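Residue-level structure breakdown
In case you want the letters, here they are:
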Amino acid sequence: MITVWGRATSGNTQMVVWALNEIGLPYERLDFGGAFGRTDTPEYFAMNPNRLVPVLRDGDGPFLWESAAIVRYLAASYGDGQFWPVSPAARAPQDKWAEWIKTSFGPALQTGLFWPLVGTLPSRRDLPAIEAAEKRMKPLAQMFDARMADSAYIGGDDVSFADMITGTLLYRYFTLDFDRADTPNLRAYYDRLCQRPAYAGHVMVSYESLRAKE
Ligand SMILES: N[C@@H](CCC(=O)N[C@@H](CS)C(=O)NCC(=O)O)C(=O)O
């Protein structure tokens, strides 16, 4: 049995849970982190010294953390040749987009916009900083848009491990209230993802409970 420690509102947990559902693996998810807490214990520290979610354990295997590394583990262990291309030459061009999301697009969205908009009371928002973040986001979104003009998914006509990593944050990207670049190909990619039951059920999760309250 696969166990996942992580709350359903965590984007990084969503990425892992989407992959589990997309592959069709049975698993148990336990509510840890955020309002649930439970990460501030010696037992959790032993599982993940970052005290963050998600953590995944497959049977009596090692405790794994870092969501993208977990997705790659699941894909390599259980995915077919579409989900996890065996050839490094076929896999690496997908993986570079996954890495880019984790290191460029994702931080620009999460740190620059998501938390300043959702995690901060309107009266306390730093509006010039939010405007600057919107400006930084635009060329990144346009770059992603140009990529999605080439194929339906990152790996071609069907989803692969890379989409789990590149697609998860698009729910927040397209539902947050901010000034977005015009990106028809990216929007079409997101709309395609929304049609997938595993994405609709496990990634399109309301973040209202994360909103800052007086
Ligand atoms: N790089 C890590 C980041 C993990 C992370 O930041 N997790 C957030 C939730 S998305 C977290 O644990 N926040 C504290 C909490 O939920 O208690 C990953 O991709 O797994």
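One can find the structure itself at the top, above this paragraph.
All figures in this text were calculated on a predicted structure; none of them were measured in a lab.

1. Examining the site of the ligand
Neighbouring the ligand are Arg7, Ser10, Gly11, Asn12, Gly33, Gly34, Leu52, Val53, Pro54, Glu66, Ser67 and Lys102. Between the ligand and the protein, one listed contact pairs an oxygen atom with a backbone N or O atom of Gly34 at 2.8 Å. Within the side chain of Glu66, an N or O atom sits 2.7 Å from a nitrogen atom of the ligand. When the free accessible area of the ligand is taken as 500 Å², the share hidden by the protein chains comes to 73%. A breakdown of the residues in the shell around the ligand according to their chemical character gives 3 nonpolar, 6 polar and 3 charged.

2. Let's talk about the pairing of strand E3 (residues 55–58)
Note on strand geometry: in a regular strand, side chains alternate between the two faces of the sheet. Judged from the 4 bridges that link them, strand E1 (residues 2–5) and E3 form a sheet pairing that is antiparallel. Residue pairing in the sheet places Trp5 in a bridge with Val55 of E3. Two strands pair when backbone bridges link them, and E3 and strand E4 (residues 63–65) are joined in this way by 3 bridges, in the antiparallel orientation. Considered in E4, the bridge of Leu56 is made with Leu64. Hairpin connection, E3 to E4: the antiparallel pair is bridged by 4 residues, and Gly59 has positive phi, about 60°.

3. Some remarks on the pattern of salt bridges
Tallying each qualifying case throughout the model produces 9 salt bridges. With its nearest N and O atoms 2.7 Å apart, the salt bridge here joins Arg29 to Asp31. Residue classification places Arg29 among the partly exposed residues on the basis of a relative accessible area of 30%. With a relative accessible area of 26%, Asp31 lands in the partly exposed category. In this structure, the salt-bridge partner of Arg187 is Asp191, at a minimum N-O distance of 3.3 Å. Of this pair, Arg187 and Asp191 are both found in helix H8 (residues 184–194), 4 residues apart, which corresponds to roughly one turn of the helix. Judged by its relative accessible area of 35%, Arg187 falls in the partly exposed class. We classify Asp191 as partly exposed; its relative accessible area is 32%. Look at the salt bridges and you will find they share partners, linking Glu22, Asp158 and Arg196 into a network.

Here is what the cut-offs are and how they apply
- Residues numbered from 1 in each chain as written.
- Predicted model: local features only at pLDDT ≥ 70, side-chain atom pairs only at ≥ 80, totals over all residues.
- Heavy atoms only, no water.
- Near = heavy atom within 4 Å.
- Polar contact = N/O pair within 3.5 Å; in protein donor to acceptor, adjacent residues only side chain to side chain.
- Areas by Shrake-Rupley, 256 points an atom, 1.4 Å probe, with all protein chains shown as cover.
- Nonpolar A, V, L, I, M, F, W, Y, C, P; charged D, E, K, R; others polar.
- Pairing = 2+ DSSP bridges.
- Helix = DSSP H or I, 4+ residues; strand = E, 2+ residues; numbered from the N terminus.
- Salt bridge = Lys/Arg side-chain N within 4 Å of Asp/Glu carboxyl O.
- Buried < 20%, exposed > 50% of the residue type's maximum accessible area, 1.4 Å probe, protein only.

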